[in-house]
Amino acid sequence: MAQQIAVLVEHLEGQPTDVTFELLGLARRIANTNGAPVEALLFGQGVRHLAETIPADRVVLVEDPRLRYLTPEATAVTLATLLRADPPRLALIPNTSLGMDVAAWVAAALDWPLIAYCEGLETRDGQLVATAQLFGGKILADVLIDDRPTVISALAGAFAADAMQPEPPGTIERRDPPSELAALHTRSVVLERPEAADVDITRAEKIVAVGRGIESKDNLELAEQLAQALGAVLAASRPLVDAGWLPRSRQVGKSGLKVKPKLYFALGISGAPEHLEGMKDAELIIAVNKDPKAPIFSVADYGVVADLFEVAEALLERLEG
Amino acid sequence: MDPKLQKVAEVWERDTAIVEGVDISGPWNRMFGQRVIWDYTPDLIEEIAQLPGAESFAWCYQCGKCVPVCPVDVVGDYGPRKLYRRAQTGINLLDSPDLWLCTTCANCLRVCPKLVDMVQIMPAAREHAMLTGRAIPAELQEALENTAKYGNPLGQPARKREAWVKDAGVPVPILHQIQRPVEWLWWVECYPSYHPRGIDASIALARIFNALGLDFAILGREEKCAGDSQRLAGERGLFEMLAEENIRTLSKYEFQHIVVTDPHALNAFRKHYPKLGGQYDVWHYTTLLARELPKLQPLLTKSLPYRVTFHDPCYLGRHNGEYDAPRQLIQALPGVEFVEMLRCRENSYCCGGGGGGMWLDSFAAGHQRRRLSEERVLEAVSTGADTLVVCCPYEVSRFEDAAKSTGVEGRLRVRDIAELLAEAMGLIGEGAA
Amino acid sequence: MTIVVVMEQVPDVVEELAIAPSGTDLDRDAVSYVVNEYDDHALEEALLLAEATGDEVVAVGIDTTGELDQALYTALAKGARRAIKLTGDFEGTWLSTRAAARLLVPVIQELEPRLVLTGVQAPDDLDGQLAPTLAALLGWPHASVVIGSQLVDGALQVRKELWGGMTMTLELELPAVLGVQAARQAPRYVPISRVRQVMREATIETRDVETSGDLAPAIMRLRFPEEAGQAEILTGSASEIADRIIELLRARGLL
């Protein structure tokens, strides 16, 4: 039997994240070509019920209070211990805040190759090739995966097409927490959620999103009027939220919220990869940006290369008049 | 008790007074009673006045002539007299938002009987604030960091500085390509190289230069920001660094004169480059074109049915004495009707872009009831003009923005003189070749 | 006591990037280098921590570009006490994260800091991020995507950003390694005149280091993503565009 494709299950308080099912699906695709099993590695506390929804051939379950929140040290140490004992063909870890801490640590500790920011993984001429997104998304790097067990840190949303649904696994195997967990140097974890926001943009059907192109906080009013006229909710890219123009609950992107509305109307957003990650699955994307080369146009369905204020005002005139 | 205070208190106590041998008895010596000014020390005034360049801060005798001509006071609460008074009463300019609101327009200096010079005081105080670790407004910080990194405050790559030339429709020789002497080195500057509306004016001017047969070339990607506004925002070190590089670049080429579109660059070259080793014969493009009017006039064939008014840029007019050349050019435009704004020539009302103001709008918004550019645009409209003519690259974007935010966009167009001249020559606009 | 900040020059992604004829590296002639923006945040966070505790900040970097000096002088001008530059047989090379970490580990161990900070990521992190890699090789605890830190009773409290505004606060025993996403406040400004003064007065300690093994990441091929041509571009005046957009929305029942 060929070596397994291992996937680290990412979850918070028992809720698995979408990227977990994307990576399980990717693992299934790769595993099928090799006749290998898919092994999901699930760490946590009180997550037995979650184990029963993971579509893998086997779920390796490690439960311990110190793994409750998938903190960097505990997760990395546990994963490294398991992988060292039973090296996989590939170890798939999400390239997220939780995953980034683990993937590079584990690869360095085991001295295995690592390909991060992975947005593509396929077999070409019998060889596995991973594609990484670098330099702000401007350059792609194809990397040949050799015979050594390899860690892949995969971008959320890149493998959405492979995503699987929750299903019971073949088997669930319990493992004891590794002894290293007794000697951790990390403790006392507190989770903070943002204050109850006025609006949950992830539930909105229509979103008007603004970026640096609106230039000043004063111009938010125009965007808000347009949003209202369209029956949409106002959201923003990271720079505007960092500048304090809008609360974090309105932030779309990798470190903000992921949205899949029916309409995403982007005004003055250039489309940095971190932002695209948050909205590229919207059903209809219309983007207005005066730079014809803005990366947002690569995910938009319709693009407008024009002054966003002129377009916004023209739209308002028609919607309100 | 402070000896000064003692002397005054004594006078107050007596109805006869002989001070330093002079008999000044009389009821009026109540004037010498203790006044509120002695509740504070002059330390905060001195802290500014002892900075090299800022000595004149201490000369203010509170006459108040500066306040009515200060553009910022019209939309806020400002003026050298007020800054002095605030320093007197315990407010440190270095920690106050006041430090960042002055555009160095020099209208105060023009009327000040004591020559209190904000154009020197502000950069000195701002530099001192930076060196003593005080935070600066974020937008300004970004502009300064961009200038240091990319040679322009917009954060655009240096290589793209000459990209506009491709769309000029006429030859625009670039010195690093042609490698030959030219008569005129055209110093284009940052906004005219990178900003869409600045590029419009550059293309217009390039076509005019070609039509006149001027022997000119630009530096293109080798040109770096002249940095005058960054200097006035407190970054003397950055200015010197840019000047050193620019002077080094200029020394590679042979040219007789420099022509600039940007009055701020004009100011840098005329007043500050010489002591850093760069001595050039610099002209503003309006002065050059006005000189060329005999050749230019016959080419101005298309009538422009515009009623225009003209905004004197602070750094062309008050700072460098050129008021007439732009007017001569405007008067030469066929079909055009010219009206002056009330605040014109020496009393021109600042657009808000100078002294770093171009990168302080987000900061100033918290301290002014409207932008200076908005105030000015409304003045332009009130003359009945449909066109506001400018000749400084900061102005076109500031005034077009202001026209939008004050709702007069449909009634007022903003044009650089070069654009109007080129239009009258049939070089741009409808039906242009 | 010492806080180490690792700083790196990276290709400026503002510029147009070109791929070298070999296909496995950027065309370095066409590249401009800037300090990795997250390393600027790491430096700021280090300076803020040091201001509270009296620690000395030491800026360390590997000079693969020949242009690292400016960044180190700027770090000194901002308040770092020492700057150390590692030189070696790697100028002009794309150094992988693993190789960089291996070069840094002995230097860090010698400095015996209680904290190492670096940016959460860099644009050329093909084989992963530096902070977790260093942590694994040093055997120290770590956290990345850090948006704030505080030294409390000899331990480090660290706020780590998750997503959607959620954060996780961890307590790490020292010594530790942090990958900084954003400092508590925006990186401070230091006037050029201060940097130039530092360039005249201070020295950067240069250490030549031996290298072994593969330095560059193993790349098969670099390429550009598919042209952004998928969007249908609407043209015309603002009015015409607005009409077209409304038509599109109506057709999909969105208006």
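None of these values were measured; they are calculated from a predicted model.

## Re the interface of chain B and chain C
- Between chain B and chain C, the residue contacts involve 20 residues of the former and 16 residues of the latter.
- Area buried by chain B at its contact with chain C is led by Leu131(B), Tyr150(B) and Arg159(B), which between them contribute 33% of it.
- Here chain B and chain C share 8 residue pairs in polar contact (both at pLDDT 80 or more) between them.
- Elements with a minimum of two residues in the side of chain B that touches chain C: helix H7 (118–131), helix H8 (138–150) and helix H13 (236–250) of chain B.
- Broken down by class, the residue content of the side of chain B that touches chain C amounts to 10 nonpolar, 3 polar and 7 charged.

## Examining the packing of aromatic side chains
Residues and elements named next belong to chain B.
- By the definition in use, this model includes 14 aromatic pairs over all chains.
- Measuring from ring centre to ring centre gives 4.7 Å for Phe-269 and Tyr-273, while their planes differ by 65°; the resulting arrangement is edge-to-face.
- On the basis of relative accessible area, Phe-269 is assigned to the buried category, the value being 1%.
- Members of the aromatic cluster, joined through ring pairs, are Trp-187, Phe-239, Phe-255, Phe-269, Tyr-273 and Tyr-280.

## Details of the interface of chain A and chain C
- If you look at the interface, chain A gives 81 residues, while chain C gives 75 residues.
- Taken over both partners, the interface formed by chain A and chain C buries close to 6700 Å², and the fraction arising from carbon and sulfur atoms is 61%.
- One can count 11 salt bridges joining chain A with chain C.
- Close ionic contact of Arg223(C) with Asp142(A) constitutes a salt bridge, the shortest N to O distance being 2.9 Å.
- Here chain A and chain C share 31 residue pairs in polar contact (both at pLDDT 80 or more) between them.
- With 9 residues, the single largest contributor to the side of chain A that touches chain C is helix H4 (residues 97–110) of chain A.
- When its residues are assigned to classes, the side of chain A that touches chain C shows 46 nonpolar, 14 polar and 21 charged.

## A word on the domain arrangement of chain B
Residue and element names in this part refer to chain B.
- When its domains are assigned, chain B resolves into domain 1 (38–131), domain 2 (151–291) and domain 3 (298–424).
- The C-alpha-based centres of domain 1 and domain 3 are spaced at 28 Å.
- If you look at the interface, domain 1 gives 18 residues, while domain 3 gives 22 residues.
- A buried area of about 1600 Å², summed over both sides, lies between domain 1 and domain 3, and 63% of it is on carbon and sulfur atoms.

## Here we look at the pairing of strand E10 (residues 413–416) of chain B
All names here are of chain B.
- Of the two faces of E10, the one lined by Val-414 and Asp-416 is fully buried and the one lined by Arg-413 and Arg-415 carries no buried residue.
- As paired strands, strand E9 (residues 387–390) and E10 are joined by 4 bridges and run parallel to one another. Looking at E10, one finds that Val-389 is bridged to Arg-415.
- Considered for its hand, the β-α-β crossover made up of E9, helix H20 (residues 393–405) and E10 is right-handed.

## Regarding the UniProt feature "domain: Electron transfer flavoprotein alpha/beta-subunit N-terminal" (unreviewed entry) in chain A
- When the UniProt feature table is mapped onto this chain numbering, "domain: Electron transfer flavoprotein alpha/beta-subunit N-terminal" (unreviewed entry) sits at residues 5–193 of chain A.
- Between the end C-alpha atoms of residues 5–193 of chain A there is a gap of 34 Å, over a span that is 26% helix and 35% strand.

## Things to note about a negative patch on the surface
- On the surface, Glu310(A), Glu313(A), Glu317(A) and Glu409(B) cluster together into a negatively charged patch.
- Within the secondary structure, Glu313(A) is located in helix H8 (residues 308–320).
- Among the residues examined, Glu313(A) registers a relative accessible area of 33% and is labelled partly exposed.

## A word on the domain arrangement of chain A
Residue and element names in this part refer to chain A.
- Domains assigned within chain A are domain 1 (5–182) and domain 2 (201–320).
- Each partner contributes to the roughly 500 Å² buried at the junction of domain 1 and domain 2, and carbon and sulfur atoms together form 47% of this total.
- Here domain 1 is connected to domain 2 by 0 salt bridges.
- Applying the counting rule to domain 1 against domain 2 returns 1 residue pair in polar contact (both at pLDDT 80 or more).
- Looking at the side of domain 1 that touches domain 2 residue by residue, the classes come out as 4 nonpolar, 5 polar and 1 charged.

## Description of the sheet that holds strand E4 (residues 216–218) of chain B
All names here are of chain B.
- Strand order in this open sheet of 4 strands is E4-E3-E5-E6, and the pairing throughout is parallel. The sheet is open, and its two edges are formed by E4 and strand E6 (282–284), each paired on a single side. Within the sheet, the average angular offset between the axes of one strand and its neighbour, ignoring direction, is 35°.
- Judged from the 5 bridges that link them, strand E3 (residues 182–187) and strand E5 (residues 255–260) form a sheet pairing that is parallel. In the strand pairing of E5, Leu-185 is matched with Ile-258.
- Along the sheet face, helix H11 (residues 196–211) touches E3, E4 and E5 and points at about 170° away from the line of E3.

## Quick word on the environment of Pro68(B)
- Along the chain, Pro68(B) falls in helix H3 (residues 66–69).
- With 10 residues separating them along the chain, Pro68(B) and Tyr78(B) place their C-alpha atoms 9.5 Å apart.

## Brief notes about unusual backbone geometry
- Of the consecutive residues Leu174(C) and Pro175(C), the connecting peptide bond is found in the cis state with omega at 0°.
- Tracing the sequence through the fold places Pro175(C) in the loop between strand E9 (167–173) and strand E10 (176–180).
- For Leu70(A), which is not a glycine, the phi torsion comes out positive at approximately 50°.
- On the secondary structure map, Leu70(A) appears in the loop between strand E5 (58–63) and helix H3 (72–85).

## Some words on the side chain of Glu235(B)
- Looking at the element boundaries, Glu235(B) is found in the loop between helix H12 (228–232) and H13.
- For the buried Glu235(B), no salt bridge exists, and the shortest N-O distance to an oppositely charged side chain is 7.9 Å, to Arg196(C).
- For Glu235(B), the contacting residues outside a window of four places in its chain are Met130(B), Leu144(B), Gln230(B), Tyr189(C), Val190(C), Pro191(C), Ile192(C) and Ser193(C).

## A few points about the nonpolar core
- By size, the foremost hydrophobic cluster in this structure holds 101 residues, and its most contacted members are Leu134(C) and Leu178(C).
- Here Leu178(C) is in contact with Leu115(C), Val116(C), Leu117(C), Thr118(C), Ala131(C), Ala143(C), Val146(C), Ser149(C), Leu156(C), Val158(C) and Leu172(C), once residues within four sequence places are set aside.

## Comments concerning H8(B)
All names here are of chain B.
- Under the 1.5 Å per step criterion, the end-to-end length of H8 is 18 Å for 13 residues, consistent within 8% with the ideal 18 Å.
- Taken residue by residue, H8 has Leu-140, Gln-141, Ala-143, Leu-144, Asn-146, Thr-147 and Tyr-150 as its buried positions.
- Looking one or two places after H8, you find Gly-151, whose phi comes out positive at around 80°.

## Observations regarding the pattern of salt bridges
- Tallied over the entire structure, the rule returns 70 salt bridges over all chains.
- One salt bridge in this structure joins Arg184(C) and Glu45(C), with 2.9 Å as the shortest N-O distance. You can see Arg184(C) sitting in the loop between E10 and helix H5 (192–201) and its partner Glu45(C) sitting in helix H1 (residues 37–53), a full 139 residues away along the chain.
- In this structure Arg184(C) comes out as partly exposed when scored by relative accessible area, which is 43%.
- Where salt bridges share partners, they join Glu122(A), Arg124(A), Asp142(A), Arg221(C) and Arg223(C) into one cluster.

## Points about the environment of Pro166(A)
Residues and elements named next belong to chain A.
- Tracing the backbone through its elements, the reader meets Pro-166 in the loop between strand E10 (150–154) and strand E11 (171–174).
- Among the residues examined, Pro-166 registers a relative accessible area of 48% and is labelled partly exposed.
- Sequence-wise, Pro-166 and Phe-309 are 143 residues apart; in three dimensions their C-alpha atoms are separated by 45 Å.
- Filtering out sequence-adjacent residues up to four positions away, Pro-166 remains in contact with Phe-21, Thr-53 and Pro-55.

Calculation notes
- Residues numbered from 1 in each chain as written.
- Chains lettered and ligands numbered in written order.
- Predicted model: local features only at pLDDT ≥ 70, side-chain atom pairs only at ≥ 80, totals over all residues.
- Heavy atoms only, no water.
- Contact = heavy atoms within 4.5 Å.
- Buried area = accessible area lost by both parts, 1.4 Å probe.
- Polar contact = N/O pair within 3.5 Å; in protein donor to acceptor, adjacent residues only side chain to side chain.
- Helix = DSSP H or I, 4+ residues; strand = E, 2+ residues; numbered from the N terminus.
- Nonpolar A, V, L, I, M, F, W, Y, C, P; charged D, E, K, R; others polar.
- Phe/Tyr/Trp six-rings, centres within 6.5 Å; stacked < 30°, edge-to-face > 60°.
- Buried < 20%, exposed > 50% of the residue type's maximum accessible area, 1.4 Å probe, protein only.
- Salt bridge = Lys/Arg side-chain N within 4 Å of Asp/Glu carboxyl O.
- Domains from an automatic or database assignment.
- Pairing = 2+ DSSP bridges.
- Right-handed = clockwise from strand over helix to strand, strands pointing away.
- UniProt positions renumbered as here; feature names shortened; annotations may be inferred.
- Patch = residues over 30% accessible without salt bridge, like charges linked within 9 Å, V, L, I, M, F, W, Y side chains within 5 Å.
- Areas by Shrake-Rupley, 256 points an atom, 1.4 Å probe, with all protein chains shown as cover.
- Lys, Arg positive; Asp, Glu negative; His and termini not counted.
- Charge placed at Lys NZ, Arg CZ, Asp CG, Glu CD.
- Axes fitted to C-alpha atoms, helices over the stretch in contact; angles between N-to-C directions.
- Core = buried A, V, L, I, M, F, W, Y, C linked by side-chain atoms within 4.5 Å.
- Expected span 1.5 Å × (residues − 1).

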